[in-house]
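Listed below, chain by chain, are the residues.
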Amino acid sequence: MATKPFLVGRKEFAALYGVKPTVVTQWVVRGVLDYERAVIVSGSPYWLLSFARGFGQTTPRPKALDERALQQVVASQEPGVWARSKDEVPPLVGLQEAVQLFGMSSQQNLSAVVRQGRFAPADYKLSGSPLWLLDTIIEAAPDLRAKSRSVMWAIVPQVEAALRQGRYTGPGSAIVPRGPAAYAV
C-alpha cells in the first residue's frame, strides 16, 4: 500500500487560515496561490499540507496559521506523511477517475454505490469529496465484483496505467472553469 501524504482541499486550506473557501479561490484568481503545487483530482485542487502550512508566510501580507485547524487536518488523515513535493503523492482517484477506471457510463451510479457504503472506504474526505489511493481501489475490485449482481467492476488497464504513470488526461484531470471564468477569453 502506498504511503498517504497529508493533503488539503479548498475547505481545509481555508480553515488553516480562518477564511471562507471562496477566499482560497480568490487567492488563485489574484495570483497569490496557484495550482502548480496542487494535485488535480476529479477537477479539484489538493495541495500538500506541508505547502499549505507554510503558505501564510510566503504571501505579501503574511497570514496566521490556525494550529488547531492544522492538528485537526493531521488527525483526520492519520497515518500520513509530510510530503515535500507533489511528485511524492501516489496516484489518487476521485469519482470522475473511478468512473473511467471501471469503464462505467455514469458518475451517478458510482456516487450511489459510494453513498450506500458498498464501495471501498475513502482514504480521504477532502472539501466534501471522497478520494482514494489508486491501490485502495485496485485491491477492493475483487470484493466489489464478488458482491455485485449488475456491475462487472473490471479495471480498464489503460486507465490504470495512465493514472500510475501520471499521464491520465481523462475526465477530472483538469480544473474546468465555472461561472464568469468559463466565459472569459
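This structure is a prediction, so every number in the text was calculated from the model and none was measured. (Residues numbered from 1 in each chain as written. Predicted model: local features only at pLDDT ≥ 70, side-chain atom pairs only at ≥ 80, totals over all residues. Heavy atoms only, no water.)

1. A closer look at the overall build of the protein
No. 1: If you tally the helices and strands in the protein, you get 9 helices and 6 strands.
No. 2: Against the globule reference of 16 Å for 185 residues, the protein gives a C-alpha radius of gyration of 17 Å, in line with a compact fold.
No. 3: In terms of overall dimensions, the protein has C-alpha extents of about 55 × 40 × 30 Å along its principal axes.
No. 4: A total of 185 residues make up the protein; the buried ones form 39% of that total.
No. 5: The long-range fraction of contacts in the protein, counting pairs at least 24 apart against all pairs at least 6 apart in sequence, stands at 70%.
No. 6: When the accessible surface of the protein is totalled, it reaches about 10500 Å², and 52% of it is carbon and sulfur.
No. 7: Seen as two clouds, the 21 positive and the 14 negative side-chain charges of the protein have centres 8 Å apart. (Helix = DSSP H or I, 4+ residues; strand = E, 2+ residues; numbered from the N terminus. Rg over C-alpha atoms; globule rule 2.2 N^0.38 Å. Buried < 20%, exposed > 50% of the residue type's maximum accessible area, 1.4 Å probe, protein only. Contact = heavy atoms within 4.5 Å. Areas by Shrake-Rupley, 256 points an atom, 1.4 Å probe, with all protein chains shown as cover. Lys, Arg positive; Asp, Glu negative; His and termini not counted. Charge placed at Lys NZ, Arg CZ, Asp CG, Glu CD.)

2. Focus on the layout of surface pockets
No. 1: Space inside the largest pocket adds up to approximately 420 Å³.
No. 2: In terms of lining residues, the largest pocket is bounded by 18 residues, among which V39, I40, P91, L163 and G166 are the most central.
No. 3: Residue assignment for the lining of the largest pocket shows that the elements contributing at least two residues are β2 (38-41) and α8 (157-164).
No. 4: For the lining of the largest pocket, the element with the most residues is β2, which contributes 4 residues.
No. 5: Looking at the lining of the largest pocket residue by residue, the classes come out as 10 nonpolar, 3 polar and 5 charged. (1 Å grid on protein atoms, 1.4 Å probe; cavity = no way out; pocket = protein on both sides within 12 Å on 5 of 7 lines; lining within 4 Å. Points joined across faces, edges and corners; volume = space filled by probe spheres on them. Nonpolar A, V, L, I, M, F, W, Y, C, P; charged D, E, K, R; others polar.)

3. A word on the nonpolar core
No. 1: Core analysis: the largest hydrophobic core is formed by 32 residues, its most contacted members being V8, F13, L16, L33, W47, L49 and L92.
No. 2: Those residues in contact with L33 that lie beyond four places of it in its chain are F13, V24, W27, V28, W47, F51 and F55.
No. 3: Grouped together as the second largest cluster of nonpolar side chains are 22 residues, V93, V113, F119 and W132 included. (Core = buried A, V, L, I, M, F, W, Y, C linked by side-chain atoms within 4.5 Å.)

4. Examining the sheet that holds strand β4 (residues 92-93)
No. 1: Across the sheet, 3 strands lie side by side as β4-β6-β5; this open sheet has antiparallel pairing. Bordering the open sheet on either side are β4 and β5 (124-126), each of which pairs with just one other strand.
No. 2: The pairing of β5 with strand β6 (residues 129-133) spans 3 bridges and is antiparallel. Counted as the bridge partner of K125 is P130 from β6.
No. 3: Packing against the sheet, helix α7 (residues 134-147) makes contact with β4 and β6, and its axis sits at approximately 80° to β6. (Pairing = 2+ DSSP bridges. Axes fitted to C-alpha atoms, helices over the stretch in contact; angles between N-to-C directions.)

5. A look at α8
No. 1: Among the residues of α8, those classed as buried are V159, A162 and L163. The buried residues of α8 all sit within an arc of 100° when viewed along its axis, so they share a single face.
No. 2: Each element contacted by the buried residues of α8 is listed here: β4, α5 (95-101) and α7.
No. 3: A positive backbone phi angle near 70° is found at G166, which sits one or two residues after α8. (Arc of directions from axis to C-beta.)

6. Topic: the pairing of β2
No. 1: When β2 meets strand β3 (residues 44-48), the two strands line up antiparallel, connected through 4 bridges. Counted as the bridge partner of V41 is S44 from β3.
No. 2: The hairpin formed by β2 and β3 contains 2 residues between the paired strands, and S42 there has a positive phi angle of roughly 50°.

7. A word on the sheet that holds β2
No. 1: Here 3 strands make up an open sheet; going across it, the order is β1-β3-β2 and the pairing antiparallel. Whereas interior strands pair on both sides, the edge strands pair on one side only; in this sheet they are β1 (7-8) and β2.

8. Comments concerning the environment of D87
No. 1: Take D87: it is sitting in the loop between α4 (67-77) and β4.
No. 2: Take D87: its relative accessible area is 70%, and that puts it in the exposed class.
No. 3: In this structure, the C-alpha to C-alpha distance between D87 and L144, residues 57 residues apart in sequence, is 30 Å.

9. A closer look at the packing of aromatic side chains
No. 1: Within this structure, the stated rule accounts for 15 aromatic pairs.
No. 2: Relative to F55, the ring of F13 has its centre 5.3 Å away and its plane inclined at 80°; by these criteria the two rings are edge-to-face. Linking F13 in helix α1 (residues 10-16) with F55 in helix α3 (residues 49-55), this pair joins segments that are 42 residues apart in sequence.
No. 3: Since its relative accessible area comes to 0%, F13 is described here as buried.
No. 4: On the basis of relative accessibility, which here comes to 1%, the residue F55 falls in the buried class. (Phe/Tyr/Trp six-rings, centres within 6.5 Å; stacked < 30°, edge-to-face > 60°.)

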